[in-house]
Amino acid sequence: MESQIILKVENLSVKFEEEQVLDNISFSVKKGDIFAVVGPNGAGKTTLFRALFNFIPYKGKIEWQEGIKKSYVPQRLTIDFYFPISVLEFLTLKLKKEDREAIFEVLKNVGFSGDEHHLEKHLLDKKLGSLSGGEFQKILIAFALLDKPDVLLFDEPTSGVDIGSEKTIYHTLADLRKKTGLTVIFISHDIQMVYQYVDSVLCLNKEAVCLGGPSRALSAEILEKLYGKEAGVFAHEHRKF
Amino acid sequence: MEYLSQSSFILSLVVGLLVGAAAGLLGSFMVLKRMSLVGDALTHVALPGVALGLLFGFNPFFGAFGFLALAVLAIWRIGETTRLPTETIVGIFFALSLAVGILLTPELELLEALFGDISKTQIYDGLFAISGSIIVFLVMKKIFKKFMLAVISEDIARSAGVSVDKINLLFLFLVALIVALGVRVVGTLLMGALVIIPAAAAKNFSRTMAGYVFLSIVFGILSVGAGLFLAKILNLPPGPMIVLASVIPFLVSLSAIKR
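As the structure is a prediction and not an experimental result, all values here were calculated from the model. (Residues numbered from 1 in each chain as written. Chains lettered and ligands numbered in written order. Predicted model: local features only at pLDDT ≥ 70, side-chain atom pairs only at ≥ 80, totals over all residues. Heavy atoms only, no water.)

A word on the overall build of chain A. Looking only at helices and strands, chain A features 10 helices and nine strands. Principal-axis analysis of the C-alpha atoms gives chain A an extent of 50 × 45 × 40 Å. Residues classed as buried in chain A amount to 54% of the 241 residues present. Relative to all contacts within chain A whose residues are 6 or more apart in sequence, the contacts with residues 24 or more apart total 65%. Counting only carbon and sulfur atoms, one obtains 47% of the accessible surface of chain A, whose full area is about 11,600 Å². The average position of the 31 basic charges and that of the 34 acidic charges among the side chains of chain A differ by 2 Å. (Helix = DSSP H or I, 4+ residues; strand = E, 2+ residues; numbered from the N terminus. Buried < 20%, exposed > 50% of the residue type's maximum accessible area, 1.4 Å probe, protein only. Contact = heavy atoms within 4.5 Å. Areas by Shrake-Rupley, 256 points an atom, 1.4 Å probe, with all protein chains shown as cover. Lys, Arg positive; Asp, Glu negative; His and termini not counted. Charge placed at Lys NZ, Arg CZ, Asp CG, Glu CD.)

Set out below in structure tokens:
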């Protein structure tokens, strides 16, 4: 059976004033896939996401499967420690009214353990700004999942997160896909995680430099082209696994 | 203030408390949006409108609201089309308005325009304050979740289908409304303080959104109430007394924040 295509992008170009930020990008994403967008800083990765959400004007075609519900997890939020909102209040912003059952369900799905009383006391009642980097990212994923989206678009899942939490987050995403059939499209700098967790990868440097399964698409030559010599060496090393 | 009769004191108290409550509510969002200084500067835009009211003998509320609404619309539009930072645009409007306002305001009434004169409160001001603050509370209740989401992350809000630009414009209109109402109470120069200080104090005490907004409203009400009573007892102008009263919870709140 042919997999369903959930997103089809054809000849997508974005220009800011005179600067070409994205040039003639084409790719498609299958339902239930984990799809990564990689590339150096300034390659247009976040711009691509913004175009996919229709936040900015673009040329070309972006076709989402009809009736698809998509959720966005941004790179970071500008809230500080003193921002007065509890985790429960933040999550409730996504819901019509407070629904603890739905909240506990997504919290478990993103990997928070403990009974409801424990979660309430040690997570939901806490200030959002007081969470650790890893907890914060998981809460953002939980927030995105609350209205049961079909696709999660994730801008750098692990920016500002320590290595342990980083693995947990990728693991959580893979686990979610297994459990719910969620499609995940994310931007990443972490090539190792891309090798390990994704089905397809798009390498971006204003134009599409590679596209396909990671072990084939992310060749040493491509990585060197994207990130310089050292990354190329990494790819050779990595293939020994 | 000594000529303020009992009934007009009660009237000014009603107007002041309602404006204080609504200013506390709106201020709580302005502080989170890091619009403290923008909000303060914006309040000065009311001055030319107040001046026209004083010159031609109509209620300064209308002049103030008219100018603020125009300024809000212009600031929003310029921001939309040029992507200049809001604070730059507001800064220019603020300086321009102050200059025009001072030129327009009759010298005798300049102090009243700048610092308010609650003793001149009329029954109409009471009615405006009641309806204005009801509008502010109802609209904020309606847009709370969407607006809060936009305060936390405009991108998340947009991806969830919130028209962030429209909701920001609506919010600025509410600010314009409440600032216009507050012009009578504390004047154009000090109205910014009434919007910002209670919220800034409440933020330091609060862990939850509900607690923060509630406390900000309470501080707004207390500031106006205490300021008006102090002004009456000490026979001093109410505008500055209200602002001084509002600083007290803020100073206390400093001890509540741990580094």
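What follows deals with the state of the cysteines. Residue and element names in this part refer to chain A. On inspection of all chains with the given rule, the structure shows one disulfide over all chains. What pairs with C203 in a disulfide is C210, and their sulfur atoms sit 1.8 Å apart. Disulfide C203 to C210: torsion about the S-S bond roughly 50°, handedness right-handed. C210 matches C203 in its accessibility class, with the two residues each being buried. (Disulfide = S-S within 2.5 Å.)

To continue, consider the interface of chain A and chain B. Listed by partner, the interface residues are 27 residues for chain A and 23 residues for chain B. Across the interface of chain A and chain B, roughly 2,100 Å² is buried in total on both sides, 63% from carbon and sulfur atoms. On the chain A side of the interface with chain B, the three residues burying the most area are Y82, P84 and L93 of chain A, jointly 30% of the side's total. Counting the contacts that link chain A with chain B gives two salt bridges. D80 of chain A is the partner of R34 of chain B in a salt bridge, and the nearest nitrogen-oxygen pair spans 3.6 Å. Linking chain A to chain B there are eight residue pairs in polar contact (both at pLDDT 80 or more). For the side of chain A that touches chain B, the secondary-structure elements that each account for two or more residues are β5 (70-73), α2 (87-92) and α5 (133-145) of chain A. It is α2 of chain A that contributes the most residues to the side of chain A that touches chain B, three residues altogether. Across the side of chain A that touches chain B, the residue classes tally to 15 nonpolar, three polar and nine charged. (Buried area = accessible area lost by both parts, 1.4 Å probe. Salt bridge = Lys/Arg side-chain N within 4 Å of Asp/Glu carboxyl O. Polar contact = N/O pair within 3.5 Å; in protein donor to acceptor, adjacent residues only side chain to side chain. Nonpolar A, V, L, I, M, F, W, Y, C, P; charged D, E, K, R; others polar.)

On to the nonpolar core, then. Across soluble globular proteins, you tend to see nonpolar side chains buried next to one another. Ranked by size, the top nonpolar core spans 142 residues in total, and within it F90, L91, L107, I139 and L218 of chain A together with M140 of chain B carry the most contacts. The element that contributes the greatest number of residues to this core is helix α9 (residues 164-205) of chain B, accounting for 26 residues. In this structure, F27, L48, W64 and I187 of chain A belong to the second largest nonpolar core, which totals 28 residues. (Core = buried A, V, L, I, M, F, W, Y, C linked by side-chain atoms within 4.5 Å.)

This part is about helix α10 (residues 209-234) of chain B. Residue and element names in this part refer to chain B. Compared with the 38 Å implied by 1.5 Å per residue over 26 residues, the 37 Å span of α10 between its first and last C-alpha is a close match. For α10, the capping residue at the N-terminal end is T208, with a side-chain oxygen 3.1 Å from the backbone nitrogen of G211. Backbone geometry just after α10 places N235 at a positive phi near 60°. (Expected span 1.5 Å × (residues − 1).)

All names here are of chain A. Spatial ordering of the open sheet is given by β2-β1-β4, a layout of three strands whose pairing is antiparallel. The open sheet has two edge strands, β2 (19-30) and β4 (59-64), and neither has a second partner. Direction aside, the axes of adjacent strands within the sheet are offset by 15° on average. Inspection of the sheet shows strand β1 (residues 5-16) paired to β2 by eight bridges, in the antiparallel sense. Note on β2: the bridge partner recorded for F16 is E19. Of the strands in this sheet, β1, β2 and β4 are in contact with helix α1 (residues 45-52), which crosses β1 at around 115°. (Pairing = 2+ DSSP bridges. Axes fitted to C-alpha atoms, helices over the stretch in contact; angles between N-to-C directions.)

A few words now on the side chain of K203 of chain B. Locating K203 of chain B in the fold gives a position in helix α9. Among buried charged residues, K203 of chain B stands out as having no salt bridge; its nearest opposite-charge side chain is D80 of chain A, 4.1 Å away. Ignoring anything within four residues of it in the chain, the contact list for K203 of chain B reads D80, Y82, F83 and P84 of chain A together with V31, L32 and Y212 of chain B.

For the rest of this paragraph, the subject is helix α9 (residues 220-227) of chain A. Residue and element names in this part refer to chain A. The complete set of buried residues in α9 reads A220, I222, L223 and L226. Down the axis, α9 shows its buried residues gathered within 160° of arc, on one side only. Residues of α9 that are exposed and point more than 90 degrees away from the buried face comprise E221 and K225. Among the residues trailing α9, G228 stands out with phi positive, at a value near 105°. (Arc of directions from axis to C-beta.)

Residue and element names in this part refer to chain B. Using the criterion set out here, one finds two cavities of 30 Å³ or more in the structure. Contributing to the lining of the largest cavity are V50, N59, P60, F61, E112, A113, G116, D117, D125, A180, V183 and R184. Considering every element that reaches the lining of the largest cavity, the biggest residue donor is α9, with three residues. Across the lining of the largest cavity, the residue classes tally to six nonpolar, two polar and four charged. Computed from the structure, the second largest cavity encloses a volume of approximately 40 Å³. Taken together, F61, D125, F128, A180, L181 and R184 form the lining of the second largest cavity. At the level of elements, α7 (123-152) and α9 are the ones that each hand at least two residues to the lining of the second largest cavity. Tallying contributions element by element places α9 first for the lining of the second largest cavity, with three residues. (1 Å grid on protein atoms, 1.4 Å probe; cavity = no way out; pocket = protein on both sides within 12 Å on 5 of 7 lines; lining within 4 Å. Points joined across faces, edges and corners; volume = space filled by probe spheres on them.)

Our next topic: the pattern of salt bridges. All told, the structure shown has 13 salt bridges over all chains when counted by the stated rule. Among the ionic pairs, D175 of chain A bridges to K179 of chain A, the shortest N-O distance being 3.6 Å. Pair noted here: D175 of chain A and K179 of chain A are both in helix α6 (residues 163-180), with a separation of four residues, about one helical turn. The exposure class assigned to D175 of chain A is partly exposed, which follows from its relative accessible area of 28%. The partner of D165 of chain B in a salt bridge is R158 of chain B, and the shortest N-O contact between them spans 3.7 Å. With a relative accessible area of 25%, R158 of chain B lands in the partly exposed category.

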